[in-house]
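# Per-entry structural report
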Amino acid sequence: MSSAEHPASSPASDSHHKPPVEHLVVTEHKLVLGKRTLEYTATCGTLLLQEVHSEAEGAQKGQFKGHKTRASVFFIAYTLKREGKKAPSASERPLTFSFNGGPGSSSVWLHLGLLGPQRVPTDEMGQCGAPPYALTDNEFSLLSDSDLVFIDPVGTGHSRVAEGEKLAEYHEYQRDLDAVGEFIRLYLTRNARWASPKYLIGESYGTTRAAGLSRHLQDKHNIHLNGLMLVSMAVDFQTLGFDHGNELPFPLFLPTYAATAWYHKALKPAQLKKPLKQVVSEAEEFANGEYWLALMQGSRLSPERRQKVAETLSTYSGLSVAYLLRCDLRPTEFRFFKELLRERGQTVGRLDSRFLGLDRDDAGEHPEDDAGMNNLVGAYAVGINRVLREQLKYERDEPYLVIAPLWNTWAWKGFEGKYVNVGDSLRRAMHANPDMRIYVASGYYDLATPHAAGDYTLSHLGLHGSLHGKIQVSYFEAGHMMYIHPPSLERMAQELREFVRGGADTGR
């Protein structure tokens with residue numbers, strides 16, 4: 001990859017005494033994809049989120065003193081140069097806005113794992129290797145078919161609130177939609193991209209944000225999308241919350257328990273002889289039938305029936321019958337991480353249960369760390385800092401926040417006293433815009449947002465029957481970030497290219 005820097009505005013040094021200003025750095029690059037060479041422009045920097053404020057309290061409507069800066073949002077945009085006279089102009093080319101989850105994650109994972117022109121390479125399993133890690137051109141980049149804009153929500157990456165503003169104000173479901181939605185509107189306007197087919201891609205909590213934005217953009221900005229790409233769905237939090245009295249997660253996590261136990265050869269020999277998909281299918285059948293009915297019985301379940309259910313549950317989960325009876329047939333996810341391979345002195349990962357961890361001892365209920373995340377975070381931190389300095393010439397000394405634990409204090413105004421479920425926003429957006437299509441990617445080894453939970457969510461949207469065909473679901477033999485697994489990356493990249501090629505006219 002080659003680059004040549006334009007003399008655009010260069011970043012100034014940080015100062016607590018100066019109001020925030022917009023910094024943009026523009027560079028030119030080439031990416032060789034086989035016989036095709038992509039020439040593109042990279043723009044990175046900050047856009048300011050501003051609000052009009054009155055000259056004086058009680059001023060007449062429309063009278064204002066100026067614009068008050070609330071926050072600066074950092075982004076990285078890749079725009080392909082026009083290839084020949086028949087190619088669509090920049091204003092008509094598909095445009096994809098990307099963000100990750102957490103809440104509290106920057107956009108680095110989808111950027112350097114799947115979509116961007118560079119990626120963090122992995123081995124055949126998905127391991128990033130040893131420090132200082134590597135960075136390579138991404139032959140699977142979606143840039144071949146869509147321009148890309150990676151958005152870091154406020155409090156992540158280089159996105160910050162203005163001096164005197166409260167950071168917590170942006171760490172709330174609706175305020176997050178307001179900020180990201182305003183950024184999208186502003187980007188479309190400044191870059192003359194209203195005529196482009198528009199897509200969102202989000203991962204994990206990014207799917208929560210994308211589903212909410214699909215309706216918010218319609219209501220607030222009259223922006224109708226061509227499609228959403230939802231990676232590792234988290235739209236109905238009741239499917240994911242192991243709270244006392246909520247039986248829903250237990251059957252929905254079981255198929256992924258089965259996949260995990262199969263992968264680590266922790267099932268009985270008869271099950272290990274079967275292919276993964278057959279084991280998962282059988283686990284789903286049991287989970288949706290006999291297991292679900294048993295959970296609904298509670299203490300009314302007879303001892304004989306409880307024993308039989310525990311035996312079948314052991315067959316698919318890899319946990320012992322005695323352990324399952326001790327936890328009342330309800331193994332939570334963190335207990336599973338610790339218990340499955342306890343006798344081997346190993347724990348399994350949450351984001352990707354193929355990965356193994358080590359604890360100080362083997363007696364606890366919860367693992368010390370997530371082995372899946374430990375594999376990734378160091379490599380992606382190296383990758384984004386190298387891309388910013390070496391490729392994009394964005395030179396600032398403040399840290400790029402790859403991930404911040406904002407989920408600990410995230411506010412849910414409007415969802416008080418109930419589970420967060422933004423599925424109705426997605427349903428309403430699809431009913432208002434029947435041409436909008438949905439692509440869902442789920443990993444068989446994802447124990448953060450299991451595939452069965454995503455399937456349950458989709459089947460309970462209340463979507464009109466005529467629109468079911470607008471949803472495409474793909475399953476991968478990998479985890480939450482399924483694209484770290486090379487075979488999954490190749491197939492997923494091809495499916496995303498085909499998805500955005502659908503354009504604005506997909507039929508009904």
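As the structure is a prediction and not an experimental result, all values here were calculated from the model.

## Looking at the environment of Ala168
Its location among the elements puts Ala168 in the loop between strand E9 (160-161) and helix H2 (173-190). Measuring from C-alpha to C-alpha, the distance between Ala168 and Ala411 comes to 8.5 Å, with 243 residues separating the pair along the chain.

## Description of unusual backbone geometry
With an omega of -5 degrees, the peptide bond running from Gly102 to Pro103 counts as cis. Following Pro131, the chain continues into Pro132 via a peptide bond in cis, with omega recorded as 10 degrees. When you line up the elements, Pro132 lands in the loop between strand E6 (118-119) and strand E7 (136-137). Even without glycine at this site, Lys265 takes up a positive phi of about 55 degrees. With respect to the helices and strands, the residue Lys265 is situated in the loop between helix H4 (249-263) and helix H5 (269-272). Judged by relative accessible area, which is 62%, Lys265 ranks as exposed. One non-glycine residue, Asp328, adopts positive backbone phi at about 60 degrees. On the secondary structure map, Asp328 appears in the loop between helix H8 (321-326) and helix H9 (333-339).

## Some thoughts on the packing of aromatic side chains
Counted by the stated rule, this structure contains 26 aromatic pairs. Pairing Tyr439 with Phe499 gives two aromatic rings, centres 6.1 Å apart and planes at 55 degrees, and the pair type is tilted. Of this pair, Tyr439 sits in strand E14 (residues 437-443) while Phe499 sits in helix H14 (residues 486-500), and the two are 60 residues apart along the sequence. The exposure class of Tyr439 is buried, given its relative accessible area of 0%. Take Phe499: its relative accessible area is 4%, and that puts it in the buried class.

## Looking at the pairing of strand E11 (residues 227-233)
Consecutive residues of a regular strand have side chains that alternate between opposite faces of the sheet. The buried fraction of E11 is high, at 7 of 7 residues. Across 6 bridges, the pairing between strand E10 (residues 198-204) and E11 is parallel. Residue pairing for E11: Gly202 is matched across the bridge by Leu230. Following the chain from E10 across helix H3 (residues 205-221) to the adjacent parallel E11, one finds a crossover that is right-handed. Here E11 pairs with E14 via 5 bridges, running parallel. When the bridges of E14 are listed, Leu228 appears paired with Ile438.

## A short note on the pattern of salt bridges
Within the structure shown, the criterion is met by 30 salt bridges. Across the pair Glu365 and Arg335 runs a salt bridge, and its minimum N-O distance is 2.6 Å. Remark: Arg335 occurs in helix H9 and Glu365 occurs in the loop between strand E13 (356-357) and helix H10 (371-374); sequence separation between them is 30 residues. The exposure class assigned to Arg335 is partly exposed, which follows from its relative accessible area of 26%. Between Glu495 and Arg491 there is a salt bridge whose closest N-O contact spans 3.2 Å.

## Remarks on the packing of helix H6 (residues 276-297) against helix H7 (residues 303-317)
Each pair of packed helices can be summarised by the angle the axes make with each other and by the distance between the axes. At a minimum axis separation of 10 Å, H6 and H7 run at an interaxial angle of 160 degrees. Classed by the angle they form, the pair H6 and H7 counts as roughly antiparallel. For the pair H6 and H7, the sense of crossing is left-handed. Residues Val279, Glu282, Ala283, Phe286, Glu290, Tyr291 and Ala294 of H6 pack against Arg305, Lys308, Val309, Thr312, Leu313 and Tyr316 of H7. Counted by class, the contact of H6 with H7 contains 8 nonpolar, 1 polar and 4 charged residues.

## Observations regarding the confidence of the model for the protein chain
The predicted model of the protein chain has a mean per-residue pLDDT of 91, with 91% of residues at 70 or higher. Note on residues 52-66: pLDDT under 50 across the span, and 16 contacts to partners over four residues away in sequence or across chains. Segment residues 503-508: pLDDT under 50, and 13 contacts once partners within four positions in sequence are set aside and those in other chains are kept.

## A look at the packing of H2 against H3
Between H2 and H3, whose axes approach to 9 Å, the crossing angle comes to 65 degrees. Crossing of H2 against H3: the hand is right-handed. From H2, Tyr173, Gln174, Asp176, Leu177, Asp178, Val180, Gly181, Glu182, Ile184 and Arg185 reach across to H3, where they touch Tyr205, Thr208, Arg209, Gly212, Leu213, His216, Leu217 and His221. Partitioning the contact of H2 with H3 into residue classes produces 7 nonpolar, 6 polar and 5 charged.

## Re a negative patch on the surface
A cluster of acidic residues, Glu343, Asp361, Asp362, Glu368 and Asp369, forms a negative patch at the surface. Its location among the elements puts Asp362 in the loop between E13 and H10.

## Remarks on helix H13 (residues 451-459)
By the burial criterion, the buried members of H13 are His451, Ala452, Ala453, Gly454, Thr457 and Leu458. The elements touched by buried residues of H13 are E11, H4, H6, E14 and strand E15 (471-476).

## Considering the environment of Leu324
On the secondary structure map, Leu324 appears in helix H8. Leu324 sits 58 residues away from Val382 along the chain, and the two C-alpha atoms are 42 Å apart. Setting aside residues no more than four positions away along its own chain, Leu324 makes contact with Ala310, Leu313, Ser314, Ser317, Leu319, Leu329 and Pro331.

## Here's the deal with the nonpolar core
Ranked by size, the top nonpolar core spans 59 residues in total, and within it Tyr78, Tyr380, Tyr483 and Met492 carry the most contacts. Not counting residues up to four positions away in its chain, the partners in contact with Tyr78 are Tyr40, Thr41, Ala42, His111, Pro117, Leu143, Asp147, Leu148, Phe150, Val387 and Leu392.

Basis of the calculations
Residues numbered from 1 in each chain as written. Predicted model: local features only at pLDDT ≥ 70, side-chain atom pairs only at ≥ 80, totals over all residues. Heavy atoms only, no water. Helix = DSSP H or I, 4+ residues; strand = E, 2+ residues; numbered from the N terminus. Buried < 20%, exposed > 50% of the residue type's maximum accessible area, 1.4 Å probe, protein only. Phe/Tyr/Trp six-rings, centres within 6.5 Å; stacked < 30°, edge-to-face > 60°. Pairing = 2+ DSSP bridges. Right-handed = clockwise from strand over helix to strand, strands pointing away. Salt bridge = Lys/Arg side-chain N within 4 Å of Asp/Glu carboxyl O. Axes fitted to C-alpha atoms, helices over the stretch in contact; angles between N-to-C directions. Parallel < 35°, antiparallel > 145°, perpendicular 65-115°, else oblique. Left-handed = near helix turned anticlockwise from the far one by under 90°. Contact = heavy atoms within 4.5 Å. Nonpolar A, V, L, I, M, F, W, Y, C, P; charged D, E, K, R; others polar. pLDDT = per-residue confidence, 0-100. Patch = residues over 30% accessible without salt bridge, like charges linked within 9 Å, V, L, I, M, F, W, Y side chains within 5 Å. Areas by Shrake-Rupley, 256 points an atom, 1.4 Å probe, with all protein chains shown as cover. Lys, Arg positive; Asp, Glu negative; His and termini not counted. Charge placed at Lys NZ, Arg CZ, Asp CG, Glu CD. Core = buried A, V, L, I, M, F, W, Y, C linked by side-chain atoms within 4.5 Å.

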